[in-house]
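Structural features, examined
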Amino acid sequence: MAPSLRNSHNTINVNNLLLIADITEKVNDEYSGVVNKINAAITLINKSGIDTSTCSCLRKTRNNHCDSFTYFNEKLPKYSIHQIKRISEKKVNTLIDNGTLSIMEVPMNFELNLGQQLQVESYQQDKPILNDTGIVEHLDSLTFPLHFFDYETFASAVPKLDGTSPHAQIPFQVSIHTLKKDGTLIHFEYLADKLEMPNQMVSEMQEFTGLNGTFVSWHASFEISRNRSMMGWIPEYCPYLEYINSHMFDLEKIFIADYMDYRFKGSSSIKKVLPVLVPKFSYAALQVQDGTMAMDIWGRMVLDESFNDDIDQTKNNLLEYCKLDTLAMVEIYHSLKQLID
Ligand code: SF4
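Residues numbered from 1 in each chain as written. Predicted model: local features only at pLDDT ≥ 70, side-chain atom pairs only at ≥ 80, totals over all residues. Heavy atoms only, no water.

For the protein, the count of helices and strands is 12 helices and 7 strands. Here the C-alpha coordinates of the protein stretch approximately 65 × 60 × 45 Å along the principal axes. Long-range contacts, defined here as pairs at least 24 residues apart, represent 63% of the contacts in the protein between residues at least 6 apart. A total accessible area of about 19,700 Å² is found for the protein, and carbon and sulfur atoms account for 51% of it. Taken as two groups, the 30 positive and 43 negative side-chain charges of the protein have centres that lie 5 Å from each other. (Helix = DSSP H or I, 4+ residues; strand = E, 2+ residues; numbered from the N terminus. Contact = heavy atoms within 4.5 Å. Areas by Shrake-Rupley, 256 points an atom, 1.4 Å probe, with all protein chains shown as cover. Lys, Arg positive; Asp, Glu negative; His and termini not counted. Charge placed at Lys NZ, Arg CZ, Asp CG, Glu CD.)

As structure tokens, this is what we get:
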């Protein structure tokens, strides 16, 4: 049985957080490999010139590429075969062996799954491929008011709040844009000043939305999981959180199955979809660029005593980021409605 993390005074017993073991032998086993890699890197650095026309990752899938991939493969077409959604390394290699680097050149009879085929078709026909019926069915299933919402969360390896586990994602921020049937759009936002159980946030959310309408999120499994965690931490809000989860619609779903555009570059991320559907909206000018950055900045603001950035400006940057995420969903929704109406 694992030793208890708490002592008789109910405070954390730090010694039981760590397991101390002698791993000298394992380190020695690794040592020569690391030395070889260091020597290879030094040899590379000392070369007077290196081949910048391509690199070995050309034959790997894009998950293996580093930020320098396009620098080292500048002759690669803008829409290269690597952007085909979840294409396997084996297929990348088969295409390269046949001289195919651009999505434009992928033969019609090349074996791809349906989503991949649609992506290739979209590029080759230079237009999005839509399943109008599927989109209509999805949008018709929603009940007004529509609450477009998004959480930002904080996580740490060592739990900082009683009742939470390592890496538990604790919501500290939410943005909700509520679209009423008459077209009115209203906004609610909450940003916590300290790390705490999200009672206050959920209470204010409930007051704003009530238990009605459909909650719309992007990649909703994230919000659903956060709601499940909160049901355990703050059970008094179970009815509300259960309502959200049972009236949830994942807007991303449309861009996985019913709307394919090669300009999404094989992704259904809101950051790839938004600039194509609503070019006037952009994340580019924001100080906070993604959820990881939001977590890092907020965590330092509330937990790091040496944080000396402008607090008001930092809060504003966080609010602007989360607000754009939910406004982007509203704009994408309007854009879909225009397409099918
Ligand atoms: S993609 Fe990056 S890591 Fe991979 S070979 Fe090219 S430069 Fe190296």
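Bring the parts together and some accessible area is lost; that lost area is often taken as the interface size. When cut into domains, the protein gives domain 1 (56-127) and domain 2 (128-341). For domain 1 and domain 2, the distance between their C-alpha centroids amounts to 31 Å. Of the residues lining the interface, 13 residues belong to domain 1; the matching set on domain 2 comes to 11 residues. In total, about 1,200 Å² of surface goes out of reach between domain 1 and domain 2, with carbon and sulfur atoms giving 62% of it. Applying the counting criterion to the domain 1 and domain 2 interface returns 0 salt bridges. Our enumeration of links across domain 1 and domain 2 arrives at 4 residue pairs in polar contact (both at pLDDT 80 or more). Split by residue class, the side of domain 1 that touches domain 2 holds 3 nonpolar, 5 polar and 5 charged. (Domains from an automatic or database assignment. Buried area = accessible area lost by both parts, 1.4 Å probe. Salt bridge = Lys/Arg side-chain N within 4 Å of Asp/Glu carboxyl O. Polar contact = N/O pair within 3.5 Å; in protein donor to acceptor, adjacent residues only side chain to side chain. Nonpolar A, V, L, I, M, F, W, Y, C, P; charged D, E, K, R; others polar.)

What follows is about helix α10 (residues 270-277). Looking at α10, one finds that the buried residues are Ile270, Val273, Leu274, Val276 and Leu277. For α10, the N-terminal capping position is held by serine 269, with its side-chain oxygen 3.1 Å away from the main-chain nitrogen of lysine 271. (Buried < 20%, exposed > 50% of the residue type's maximum accessible area, 1.4 Å probe, protein only.)

The next point concerns the site of the ligand. Contacts to the ligand come from Cys55, Ser56, Cys57, Cys66, Phe69 and Phe72. Counted by class, the shell around the ligand contains 5 nonpolar, 1 polar and no charged residues. (Near = heavy atom within 4 Å.)

We now examine the packing of aromatic side chains. One pass over the structure, following the stated rule, counts 17 aromatic pairs. The rings of Phe149, Tyr151, Phe215, Tyr240 and Tyr243 are connected pair by pair, giving a single aromatic cluster. Over the ring of phenylalanine 222 we find arginine 226; its NZ or CZ atom is 4.7 Å from the centre of that ring. Cation over ring: lysine 271 sits above tyrosine 283, and NZ or CZ is 4.7 Å from the ring centre. (Phe/Tyr/Trp six-rings, centres within 6.5 Å; stacked < 30°, edge-to-face > 60°. Lys NZ or Arg CZ within 6 Å of the ring centre and 35° of its normal.)

So, on to the nonpolar core. Phe255, Leu277, Ile332 and Leu336 are the most contacted members of the largest nonpolar core, which totals 72 residues. Among the elements that take part in this core, helix α12 (residues 311-340) stands out by supplying 10 residues, more than any other. Not counting residues up to four positions away in its chain, the partners in contact with isoleucine 332 are Trp218, Leu251, Phe255, Ile270, Val273, Leu274, Leu277 and Val278. By size, the runner-up hydrophobic cluster in this structure holds 18 residues, among which are Phe69, Leu76, Tyr123 and Tyr262. (Core = buried A, V, L, I, M, F, W, Y, C linked by side-chain atoms within 4.5 Å.)

Next up on the list: the packing of helix α7 (residues 221-233) against helix α8 (residues 238-246). The contact between α7 and α8 brings their axes to 9 Å, and the two run at 165 degrees. Viewed along their axes, α7 and α8 adopt a mutual orientation that is roughly antiparallel. Considering how the two elements wind past one another, α7 and α8 form a crossing that is left-handed. Residues Glu223, Ile224, Asn227, Arg228, Met230 and Met231 of α7 form the contact with α8, whose own contacting residues are Cys238, Leu241, Glu242, Ile244 and Asn245. Grouping the amino acids of the contact of α7 with α8 by side-chain chemistry returns 6 nonpolar, 2 polar and 3 charged. (Axes fitted to C-alpha atoms, helices over the stretch in contact; angles between N-to-C directions. Parallel < 35°, antiparallel > 145°, perpendicular 65-115°, else oblique. Left-handed = near helix turned anticlockwise from the far one by under 90°.)

A few words on the pattern of salt bridges. Counted according to the given criterion, the structure contains 5 salt bridges. Among the ionic pairs, aspartate 193 bridges to lysine 315, the shortest N-O distance being 3.0 Å. Taken together, the positions of aspartate 193 in the loop between β4 (185-191) and α6 (199-209) and lysine 315 in helix α12 put the pair 122 residues apart, joining distant regions of the chain. Classification of aspartate 193 by relative accessible area gives exposed; the value is 56%. When the shortest N-O distance is used, the salt bridge between lysine 194 and glutamate 196 registers 3.6 Å.

Before going further, it helps to examine the sheet that holds strand β2 (residues 146-154). Overall, mixed pairing links the 5 strands, which are arranged β4-β3-β2-β5-β6 in an open sheet. The open sheet has two edge strands with one neighbour each: β4 and β6 (248-250). Within this sheet the neighbouring strands show an average axis-to-axis angle of 25 degrees, counted without direction. Bridge analysis of strand β3 (residues 170-179) against β4 gives 7 bridges, and the strand direction is antiparallel. Bridging across to β4, histidine 177 finds its partner in histidine 187. (Pairing = 2+ DSSP bridges.)

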